[in-house]
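A structural walkthrough
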Amino acid sequence: MSPEGISEQKLVYGEAGYVLEDVPHLTDYIPNLPTHTNPLQDNQAYSVVKQYFVNMDDTVAQKIVVHKSSPRGTHFRRAGPRQRVYFESDEVHACVVTCGGLCPGLNTVIRELVCGLAYMYGVSKILGIEGGYRGFYARNTITLTPKSVNDIHKRGGTILGTSRGGHDTSKIVDSIQDRGINQVYIIGGDGTQKGASVIFEEIKRRGLKVSVVGIPKTIDNDIAVIDKSFGFDTAVEEAQRAINAAHVESESVEYGIGVVKLMGRYSGFIAMYATLASRDVDCCLIPESPFYLEGKGGLFEFIEKRLKENGHMVLVVAEGAGQELIAESMRFMDHEDASGNKLLLDVGLWLSQKIKNHFSTKKNITLNLKYIDPTYMIRAIPSNASDNVYCTLLAQSALHGAMAGYTGFTVGPVNGRHSYIPFYRVTETQNQVVITDRMWARLLSSTNQPSFLSQKMVEDARKEEESPTQLLDGEEDSCNHNGVVLL
Ligand SMILES: Nc1ncnc2c1ncn2[C@@H]1O[C@H](COP(=O)(O)OP(=O)(O)OP(=O)(O)O)[C@@H](O)[C@H]1O
Ligand SMILES: O=P(O)(O)OC[C@H]1O[C@](O)(CO)[C@@H](O)[C@@H]1O
Ligand SMILES: [Mg+2]
């Protein structure tokens, strides 16, 4: 064990710099566990599929842009059903919990976990834990069956309820142990995955035959390593309605400005992709890219220019953008939510006021500014078709992993292939937009907005581009940070 009580990393080295960052297995701490034939072997739907079972040696490369002489680098265990399983169908007692903020697709993941366990593995004991982590010890449970979850994917939110805070590891593990649960499916964001990791450590310390599986959820797309998180596509699509409204409003009046606030506490992915998708946005502001209002190259100057050119403009701002500017101009209150996440000040309202004041006092222009905040409306809708498919794959990959005896892992696509990733890899950093990367450059050239970067930042970024190793790393970052859609 490392000093923090976290298990040692399971690293397997191969030739030419190959490294497998493997996930824990129940047999790591419970020797001589019996295995069983995978029931899928006799399942009509699967028995005809060639090579249905994943080869034990299959791994997924984290870096796919490589140079001739570069080492092969980090790999993760490929997700999918295994020939042998470590649970018999009637032995499984699974539970599902949802934690953190809402996200389109939560109900789809719950549904597919229940249906997958029941239809593929013949599991009949599945519990829903109500109200997030604290529900393990403070709330009732719900029995989940394929019938009871049949049409929940058509609803937004989570049928189980969710919460922030309330993670009491020993009470949670006591509850798991007392109820005889042996597969725990935990759906949630970065905080939730940290919580899942300590639950796994405690289960391992107690020597319990319990698989702990994390399914990454966050509308912000800020979970590291995986290509993108479920609900993100739905959010980008739904954001178009708000942007369209802002565009219609602003172009219908004199000096019209539409300001749209989108979610993204630390990462501006929704704002960036919604802007790129729309083409009606004149300026996108995200937490990763500092901006300034006054003076040459500032936001006010750009707004004035666009208004002169087009008579109207649309501005998209991620909720975490410009927080340091707001803090400077207001009495800053450093508040946190129950999980310790920083509570943000409303950048949309603040910015709208600042823009209106500037033009009325300094330019003698009365703007027609409409501020639209669709954030919770976007988060509360059901997932779209592509997210539904994605949620299904996530759920199925998760339960195949648990049945195969893997534990202490998060499931997710890495370069398009579903993989089992150790908890520490998804919790050690947050996924953010890299503003010296090509995707942000694409956005800047699409909106033709200023970069707001100082000369020094531009020079530093250029130096990085000129170094071949840096370039390689940068390319890889693009893949993981910007999702599977990179060209
Ligand atoms: N370091 C941690 N250790 C144990 N539990 C944690 C930790 N961080 C957060 N949690 C627990 O995880 C749950 C969810 O955390 P949080 O509210 O930060 O949401 P999240 O999972 O990050 O999702 P999102 O931020 O995308 O809405 C909470 O119940 C919280 O107590
Ligand atoms: O649900 P709450 O506590 O209002 O939190 C809102 C936050 O949750 C997120 O939607 C992430 O789940 C962020 O985008 C947002 O800042
Ligand atoms: Mg979080």
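Just so you know, these numbers come straight off a predicted model, no measurement behind them. (Residues numbered from 1 in each chain as written. Chains lettered and ligands numbered in written order. Predicted model: local features only at pLDDT ≥ 70, side-chain atom pairs only at ≥ 80, totals over all residues. Heavy atoms only, no water.)

Structural notes on the overall build of the chain
Which entries qualify depends on this criterion: Per the convention used, a helix needs a DSSP run of H or I reaching at least four residues, while a strand needs a run of E reaching at least two, with both numbered from the N terminus. Put simply, the radius of gyration uses C-alpha atoms, and a globule should come to 2.2 Å times the residue count raised to 0.38. Note on exposure labels: buried denotes an accessible area under 20% of the residue type's maximum, exposed denotes more than 50%, and partly exposed covers the range between, all computed with a 1.4 Å probe on protein chains only. Residues count as neighbours in contact if any of their non-hydrogen atoms are within 4.5 Å of one another. By the counting rule applied here, Lys and Arg register as positive and Asp and Glu as negative, while His and the ends of each chain are not counted. In this description, the location of a charge corresponds to atom NZ of lysine, CZ of arginine, CG of aspartate or CD of glutamate.
In terms of regular secondary structure, the chain is built from 16 helices and 17 strands. Relative to its length of 487 residues, the chain is compact, with a C-alpha radius of gyration of 24 Å against a globular reference of 23 Å. Projected onto its principal axes, the C-alpha coordinates of the chain cover approximately 80 × 55 × 45 Å. Across the 487 residues that make up the chain, the buried fraction comes to 55%. Looking at the chain alone, contacts between residues at least 24 apart form 78% of all its contacts between residues at least 6 apart. The centroid of the 49 positive side-chain charges in the chain is displaced by 2 Å from the centroid of its 57 negative side-chain charges.

Details of the site of ligand 1
Filter applied, for reference: Proximity criterion: a residue is near a molecule or strand once any of its heavy atoms comes within 4 Å of it. In the analysis that follows, any N or O atom pair within 3.5 Å is treated as a polar contact, provided that within protein one partner can donate a hydrogen and the other can accept it, and provided that, for residues neighboring in sequence, both atoms belong to side chains. Each accessible area value is a Shrake-Rupley result obtained with a 1.4 Å probe; residue values ignore everything except the protein chains displayed when judging cover. Cavities and pockets are found on a 1 Å grid laid over the protein atoms alone: a cavity is a set of points where a 1.4 Å probe fits but cannot escape, a pocket is an open set with protein on both sides within 12 Å along at least five of seven lines, and a lining residue has an atom within 4 Å of such a point. To qualify as sitting in a cavity or pocket, a molecule needs more than half of its atoms within 2 Å of the grid points. Three classes are used, and their members are as follows: Ala, Val, Leu, Ile, Met, Phe, Trp, Tyr, Cys and Pro are nonpolar, Asp, Glu, Lys and Arg are charged, and the others, Gly among them, are polar.
In the neighbourhood of ligand 1, 17 residues make up the surrounding shell, with Gly101, Gly165, Asp190, Thr192 and Ser339 lying closest. Within the backbone of glycine 189, a nitrogen or oxygen atom sits 2.9 Å from an oxygen atom of ligand 1. With the chains in place, 82% of the 620 Å² that ligand 1 exposes on its own is no longer accessible. Spatially, ligand 1 is embedded in the largest pocket. Partitioning the shell around ligand 1 into residue classes produces 1 nonpolar, 12 polar and 4 charged.

Regarding the pairing of strand E17 (residues 417–422)
As a reminder, the rule being used: Here a strand pair is declared whenever DSSP counts at least two bridges between the two strands.
A large share of E17 lies buried, amounting to 5 of its 6 residues. The turn linking strand E16 (residues 409–414) back onto E17 is made up of 2 residues, and asparagine 415 within it adopts a positive phi angle of 50°.

Digging into the UniProt feature "binding site: substrate" (unreviewed entry) in the chain
So the rule is basically this: UniProt positions are given in the numbering used here, feature names are shortened, and annotations may be inferred rather than shown by experiment.
Cross-referencing UniProt, the feature "binding site: substrate" (unreviewed entry) maps to Thr218, Ile219, Asp220, Met263, Gly264, Arg265, Glu319, Tyr376, Met377, Ile378 and Arg379 in the present numbering. Considered against the largest cavity, the annotated residues that line it turn out to be Ile219, Met263, Ile378 and Arg379. Assignment of secondary structure puts aspartate 220 in the loop between strand E11 (211–216) and helix H6 (232–251). Apart from residues no more than four positions distant in its own chain, aspartate 220 is found in contact with Met263, Gly264, Arg265, Ser267, Phe269 and Ile270. Examined against the element boundaries, isoleucine 378 turns out to sit in helix H11 (residues 375–379). Residue class for isoleucine 378 comes out buried when judged on its relative accessible area of 6%. When residues no more than four places from it in sequence are discounted, the contact partners of isoleucine 378 are Pro104, Ile219, Ala235, Glu238, Ala239 and Leu262.

Topic: the pairing of strand E10 (residues 183–188)
We count it as follows: Seen with its strands pointing away from the viewer, a crossover is right-handed when the path leading from the first strand over the helix to the second is clockwise.
When you tally the buried positions in E10, you get 6 out of 6 residues, the bulk of the element. On E10, burial covers both faces: Gln183, Tyr185 and Ile187 on one face and Val184, Ile186 and Gly188 on the other are all buried. Here 5 bridges tie strand E7 (residues 93–98) to E10, and the two strands are oriented parallel to one another. Pairing of valine 97 across the sheet is with isoleucine 186, part of E10. Pairing geometry for E10 and E11, over 6 bridges, is parallel. If you follow glutamine 183 over to E11, its bridge partner there is serine 211. On the question of chirality, the crossover connecting E10 to the parallel E11 by way of helix H5 (residues 190–205) is right-handed.

Observations concerning the site of ligand 2
Looking at ligand 2, the residues that line it are Gly101, Arg164, Lys217, Ile219, Asp220, Met263, Gly264, Arg265, Glu319, Tyr376 and Arg379. Between ligand 2 and the protein, one listed contact pairs an oxygen atom with a side-chain N or O atom of arginine 265 at 3.2 Å. Within the side chain of tyrosine 376, one N or O atom sits 2.5 Å away from an oxygen atom of ligand 2. Here ligand 2, which alone exposes 400 Å², has 80% of that area covered by the protein. With respect to the pocket detection grid, ligand 2 is positioned in the largest pocket.

Looking at empty space enclosed by the protein
Test applied: Grid points are joined across faces, edges and corners, and a volume is the space filled by probe spheres set on the points.
Applying the stated criterion to the full structure yields 1 cavity of 30 Å³ or more. For the largest cavity, the calculated volume is near 40 Å³. If you trace the largest cavity, you find it lined by Ile219, Leu262, Met263, Ile270, Thr375, Ile378 and Arg379. Here the lining of the largest cavity gets 3 residues from one element, more than from any other, and that element is H11. When the residues that make up the lining of the largest cavity are grouped by side-chain class, the tally is 5 nonpolar, 1 polar and 1 charged.

So, the confidence of the model for the chain
Test applied: One confidence number per residue, pLDDT, is output by the predictor and ranges from 0 to 100.
For the chain, the average pLDDT comes to 91, and 91% of its residues sit at 70 or higher. Low pLDDT, under 50, characterises residues 468–487; the predicted model gives this stretch 51 contacts beyond four residues in sequence or across chains. The ipTM for the predicted assembly is 0.99, set against a pTM of 0.93.

Notes on the pattern of salt bridges
Condition: Salt bridge, as applied in this entry: a Lys or Arg side-chain nitrogen positioned within 4 Å of an Asp or Glu carboxyl oxygen.
Applying the stated rule across the entire model yields 23 salt bridges. The partner of aspartate 346 in a salt bridge is lysine 261, and the shortest N-O contact between them spans 3.5 Å. Of the two residues, aspartate 346 sits in the loop between helix H9 (323–329) and helix H10 (347–362) while lysine 261 sits in strand E12 (residues 256–262), which places them 85 residues apart along the sequence. By relative accessible area, which is 27% here, aspartate 346 ends up partly exposed. What makes lysine 261 buried here is its relative accessible area of 10%. Across the pair lysine 308 and glutamate 304 runs a salt bridge, and its minimum N-O distance is 3.7 Å. Note that lysine 308 and glutamate 304 are positioned in helix H8 (residues 299–310) at a spacing of 4 residues, about one turn of the helix. Counted as one network, the salt bridges with shared partners bring together Asp174, Glu202, Arg205 and Arg206.

Brief notes about the UniProt feature "binding site: ATP" (unreviewed entry) in the chain
UniProt's entry tags Gly101, Arg164, Gly165, Gly189, Asp190, Gly191 and Thr192 with the feature "binding site: ATP" (unreviewed entry), counted in the numbering of this structure. For the residues just named, distributed over 92 residues, the greatest C-alpha separation is only 12.9 Å, placing them together at one site. Residues that both appear in the annotated list above and line the largest pocket are Gly101, Arg164, Gly165, Gly189, Asp190, Gly191 and Thr192. The residue aspartate 190 is located in helix H5 in this model. The class of aspartate 190 is partly exposed, set by a relative accessible area of 21%. Once residues within four sequence positions are removed from consideration, aspartate 190 is found in contact with Ile223, Thr427 and Gln430. Looking at where glycine 191 falls in the secondary structure, it is placed in helix H5.

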